[in-house]
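These are the residues of each chain, in order.
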Amino acid sequence: MQRPYALSGIWFFVFQRSILDDSMKRIIVYFLAVAVCICPLAVSWAKSDESWVVAIYLCGSDLESQNGFASFNLLQMVESKFSKNVKFVIETGGASQWQNEVIEPSKAQRYEINADDMFLLEEVPGKNMGASRTLSDFITFVKKKYKDADHMMLIIWDHGGGSAGGFAFDENHNDDYLTLDELDDALETAFKATDDRKFDIIGFDACLMATLDVAMILEPYADYMIASQETEPGTGWNYTAIINSLSKNSGQNAQQLGKTVVDSYIQQCNENGDGDDATLSLVNLKKIPKLFYDYAMLGFEIAGSVTKNSSVLRTYGRAASSADSYGEGKYGMIDLSGFMQGLSAVAANSSQTVINDIRDAVVYRVNGRYHKGAGLSTFYPNASGTLFEEYMGLDVGVINPNAVVSALMLGGIDQSEGNSILPRLYTFYQENKNYFLDQASYTAAAGQTKPENEVKPEVEVKPDGLQPAPAPAAPQLSAGSSVHTINAVQHSVVIGTSSDTQIGGPLGTMQNVNEITTLISKKIDISKLEDHDIEFDSDNTLTVKLTRDELDLVDEVNFVLFYYDDKDDKIIMDLGSDANVDVDWEKGIIKDNFGGNWPAIDGHLLRAEVVYTGEDYLRYESPIKLNGRRMDLLFAYDFSDEKYHITGVREVSGDSNGSKRTIQLRPGDTVTTIMEASSLATDNDDWIEADVDTFKVTEKTRIEDEDLGDGTLRYMFKFIAADGNSATSKIVEIEMEGDTMNQTILD
């Protein structure tokens, strides 16, 4: 029996009263004050009697137990005015504590919110939200109970970690989470238990999930995907605007609703101070198979070309490093289009084809000030391949040869594995070419219709432009093949149980394959640059000169800086790294630009680590404590105005999975800066984090370069290889006294 909860009048009081941390209360109250002022986007569509059901898999996790962010979004929903044709169905769980007096953390509960109220549909003892069965059961429940709805949307709400990091972390079950193969399992199971009707949209109100791998998994089960390349702020999507839009026009299609989701999200982010780092994309999933295939063919082309030009690998690594990256580079997610732009010199036609495919697939997107991505990410870990074990272990989707190439380069797989996988993959793609290139035709033949009333947004948009396609030849994989079917076929391909293959195309013969994998897997010995010589040029600027062979080892160059006192305090303190160096990649000449200044927040020195180097801006992170909790302060240096801009604060994740959402500094917050230091007085060279300065945030809080003052600094150029390993130059000791800097190169 349904039990109504009259929440619209009491929720704010209950919610506000239950927030445990005073600082978090201030944040939530601020957000609420903003949210109730948001006006719905103006629409010109005619009213309709069609119905929408929006299902939300609400895994609260520590986002709810520590911050109340799930309750904030629920508040948006219950405070909104629903029309009779709009229903939200929500499954709750995953949080040890809910910051309201309605949701029960020890139970799995399903609610419906409609024009009348919020109703508890059913509840059972708590389930693991990180288990495939829990998600599958919810999808099955929604598809059966609301089968008469004209439109359906599924939203997955929680932390996200991109292709390798998973999503939906249940803190009641040891932070168990859903991997991409479990997502595929859940969708396939639910669709088998119900019918083949696709969702209009599947969206991730979670970090880092706008990836090509995710889109390929969702393609059999939805028409569109909405997700973010970057991490999201704690407040997530703007559910007030979404409900208002649907209630005013429940006859809108997926593209129209998707535009509202994207636009209202960036609007809310801008109002809350989160807009600079925000991204959100609306992706036409019918376009994904061709994109995936063309990207795979580029991977084979790159692999096959290394025997003729080994410098291709250097370009490949640098293209990945120069592409827009997300989650401070910790999750292996880079912008696919930016990656392709970096490969234009070695694969001009193929890279442009992939770029065009991305433009076709991403029908609408927004980027904040410090992102330039085109709406879809790909997996390429820039740091030492630590995520490869999880990514390559996923029994899901179609293995892309680019993942194999990067795995070989970074040591994720060995040469014998590469010899086995690459030729079989090539044969697999060739035998099933029609499946990827003509999937839209099969979808149409299966009875799916193209969307009507396509949206023509004003900015950042590529029209869908679906057109009837000619009937294709029968592929090895049928049009109705799910990603699960592909798994079964490709599993035999990759582990070598399929029949012998005829190697061809860019890979040539098996002998060529062995030569290819030998070159790709050749270890990058960046240690050859350790303690590299430095000299002063004619202008007395610190300069490093690299030979062509040495330059081929290097992906990125920055510098590291230390405060050094071997007399009084007898400590060495790590100030971090910066990319303020000039690199001539043609001549191999690297010059220093350090001027004796370093980033400080309200005059308090930061340990600043550069995490992204772009043409228009640099991005940094710095360890701090915010109201006593260990966090990373995120900020950017913008070349256009030559100023630092704080983009957010993020709690440090305990493992590689699941990026934490961002929040903003607010006046009254207490910040403690943190430095890493080691004693020079003992033989123990351990580095420890030490609290340094504590201060209160004000409305005028900002980051500026500060003079480091008198003292001794130690400076080294840092050379970073494609596999994330690095080497440093000889040490330069810098004596700072007044306005002078005396530099000495140490032997």
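Residues numbered from 1 in each chain as written. Predicted model: local features only at pLDDT ≥ 70, side-chain atom pairs only at ≥ 80, totals over all residues. Heavy atoms only, no water.

Asks: Looking at this structure, how should I read the sheet that holds strand E16 (residues 542–545)?
Replies: Within a sheet, neighbouring strands are paired by backbone hydrogen bonds and run either parallel or antiparallel to one another. Taken together, the four strands give an open sheet; going across it, the order is E15-E16-E20-E19, and neighbouring strands pair in antiparallel fashion. Two strands bound the open sheet, and with one partner strand each, they are strand E15 (535–536) and strand E19 (581–584). Direction of pairing for E16 relative to strand E20 (residues 589–592): antiparallel, over a ladder of three bridges. Following the sheet pairing, Lys545 is matched in E20 by Ile589. (Pairing = 2+ DSSP bridges. Helix = DSSP H or I, 4+ residues; strand = E, 2+ residues; numbered from the N terminus.)

Asks: Is there a simple way to explain the sheet that holds strand E21 (residues 597–601) in this structure?
Replies: Taken in spatial order, the three strands make up an open sheet running E22-E21-E30, and their pairing is antiparallel. Strands at the two margins of the open sheet, each flanked by one partner only, are strand E22 (604–605) and strand E30 (703–707). Pairing geometry for E21 and E30, over five bridges, is antiparallel. Residue pairing across strands places Pro599 opposite Asp705, the latter belonging to E30.

Asks: Could you clarify how one ought to interpret the packing of helix H4 (residues 69–79) against helix H9 (residues 239–248) in this entry?
Replies: In helix packing, the relevant descriptors are the interaxial angle and the interaxial distance, both defined with respect to the helix axes. Contact pair H4 / H9: the axes reach a minimum separation of 8 Å and the direction vectors enclose 25°. Taken as axis vectors, H4 and H9 run roughly parallel relative to one another. Every pair of crossing elements has a handedness; the one defined by H4 and H9 is right-handed. Contact with H4, carried on its side by Asn73, Gln76 and Met77, involves Tyr239, Thr240 and Ile243 of H9 and no other residues of that element. Here the residues of the contact of H4 with H9 are counted per class, giving three nonpolar, three polar and no charged. (Axes fitted to C-alpha atoms, helices over the stretch in contact; angles between N-to-C directions. Parallel < 35°, antiparallel > 145°, perpendicular 65-115°, else oblique. Left-handed = near helix turned anticlockwise from the far one by under 90°. Contact = heavy atoms within 4.5 Å. Nonpolar A, V, L, I, M, F, W, Y, C, P; charged D, E, K, R; others polar.)

Asks: What should I look at first to understand the pattern of salt bridges in this one?
Replies: Here the structure, examined in full by the defined rule, presents 29 salt bridges. The closest approach of N and O atoms between Glu621 and Lys330, which form a salt bridge, is 3.4 Å. Of the two residues, Glu621 is situated in strand E24 (residues 617–626) and Lys330 in the loop between helix H12 (311–322) and strand E12 (333–335); the sequence distance between them amounts to 291 residues. Salt-bridge contacts for Arg607 lead to Glu609; the nearest nitrogen and oxygen are separated by 3.0 Å. The buried category is assigned to Arg607, whose relative accessible area is 12%. One salt-bridge network, in which partners are shared between bridges, spans Lys330, Glu621, Arg630, Asp632 and Glu689. (Salt bridge = Lys/Arg side-chain N within 4 Å of Asp/Glu carboxyl O. Buried < 20%, exposed > 50% of the residue type's maximum accessible area, 1.4 Å probe, protein only.)

Asks: Explain the nonpolar core here, please?
Replies: Ranked by size, the top nonpolar core spans 205 residues in total, and within it Phe88 and Phe339 carry the most contacts. Excluding residues within four positions of it along the chain, Phe339 makes contact with Tyr295, Tyr316, Ala319, Ala320, Ala323, Ile334, Thr378 and Tyr380. (Core = buried A, V, L, I, M, F, W, Y, C linked by side-chain atoms within 4.5 Å.)

Asks: Is there a simple way to explain unusual backbone geometry in this structure?
Replies: Residues apart from glycine generally show negative phi values, whereas peptide bonds are mostly found in trans. Phi at Ser61 is positive, roughly 50°, even though this residue is not glycine. For Asn540, which is not a glycine, the phi torsion comes out positive at approximately 65°. Here Asn540 is to be found in the loop between E15 and E16. Residue classification places Asn540 among the exposed residues on the basis of a relative accessible area of 52%.

Asks: Looking at this structure, I do not really get the confidence of the model for the protein. What am I missing?
Replies: Residues shown with low pLDDT carry predicted positions that ought not to be read at fine detail. Per-residue confidence for the protein gives a mean pLDDT of 84; residues scoring 70 or more make up 82%. Contacts from residues 1–47, a stretch scored under 50 in pLDDT, to residues over four places away or in other chains number 102 contacts. Predicted confidence is poor over residues 440–480, with pLDDT under 50, and the contacts of this stretch with residues over four places away or in other chains come to 67 contacts. (pLDDT = per-residue confidence, 0-100.)

Asks: What should I look at first to understand the packing of aromatic side chains in this one?
Replies: Scanning the model with the defined rule gives 30 aromatic pairs in all. Here Phe594 and Tyr715 contribute two aromatic rings whose centre-to-centre distance is 6.1 Å and whose plane-to-plane angle is 40°, an arrangement assigned as tilted. In this pair, Phe594 sits in the loop between E20 and E21 while Tyr715 sits in strand E31 (residues 711–720), placing the two residues 121 residues apart along the sequence. Members of the aromatic cluster, joined through ring pairs, are Tyr293, Phe300, Tyr426, Phe428, Tyr429, Tyr435 and Phe436. (Phe/Tyr/Trp six-rings, centres within 6.5 Å; stacked < 30°, edge-to-face > 60°.)

Asks: Before we go on, may I ask you to explain the side chain of Asp638 in this structure?
Replies: By secondary structure assignment, the location of Asp638 is in strand E25 (residues 629–638). Among the polar contacts made by the side chain of Asp638, one reaches the side chain of Ser640 at a distance of 2.5 Å. If we ignore the near neighbours within four places in the chain, the residues touching Asp638 are Arg369, Tyr370, Asp616, Tyr617, Lys643 and His645. (Polar contact = N/O pair within 3.5 Å; in protein donor to acceptor, adjacent residues only side chain to side chain.)

Asks: I keep staring at the packing of helix H16 (residues 401–410) against helix H17 (residues 415–431) and nothing clicks. Help me out?
Replies: Where H16 contacts H17, the axes come no closer than 10 Å and their chain directions differ by 165°. Of the possible angle classes, the one that applies to H16 and H17 is roughly antiparallel. Relative to H17, H16 is oriented so that their crossing is left-handed. Mapping the contact onto sequence places Pro401, Val404 and Leu408 in H16 and Gln415, Gly418, Ile421, Leu422, Leu425 and Tyr429 in H17. Among the residues forming the contact of H16 with H17, the class breakdown is seven nonpolar, two polar and no charged.

Asks: What am I meant to see in the pairing of E20 here?
Replies: Consecutive residues of a regular strand have side chains that alternate between opposite faces of the sheet. Burial of the side chains of E20 is restricted to one face: Ile590 and Asp592 are buried, whereas none of Ile589 and Lys591 on the reverse face is. With antiparallel pairing between neighbouring strands as the criterion, E19 and E20 make up a hairpin whose turn holds four residues, including Gly588 at a positive phi of roughly 75°.

Asks: Would you mind going over a negative patch on the surface with me for this structure?
Replies: Together, Asp707, Asp710, Glu735, Glu737 and Asp739 make up a negatively charged patch on the protein surface. Tracing the chain through its elements places Glu735 in strand E33 (residues 732–737). With relative accessibility at 34%, the residue Glu735 sits in the partly exposed group. (Patch = residues over 30% accessible without salt bridge, like charges linked within 9 Å, V, L, I, M, F, W, Y side chains within 5 Å. Areas by Shrake-Rupley, 256 points an atom, 1.4 Å probe, with all protein chains shown as cover. Lys, Arg positive; Asp, Glu negative; His and termini not counted. Charge placed at Lys NZ, Arg CZ, Asp CG, Glu CD.)

Asks: Looking at this model, I keep getting lost on the side chain of Arg318. Mind explaining?
Replies: Examined against the element boundaries, Arg318 turns out to sit in helix H12. Within the buried core, Arg318 has no salt-bridge partner, and the shortest N-O distance to an opposite charge, that of Asp555, equals 4.5 Å. Of the polar contacts made by the side chain of Arg318, one reaches the backbone oxygen of Val554; its length is 3.0 Å. With near-sequence residues (within four places) excluded, Arg318 lies in contact with Leu551, Val554, Asp555 and Trp585.

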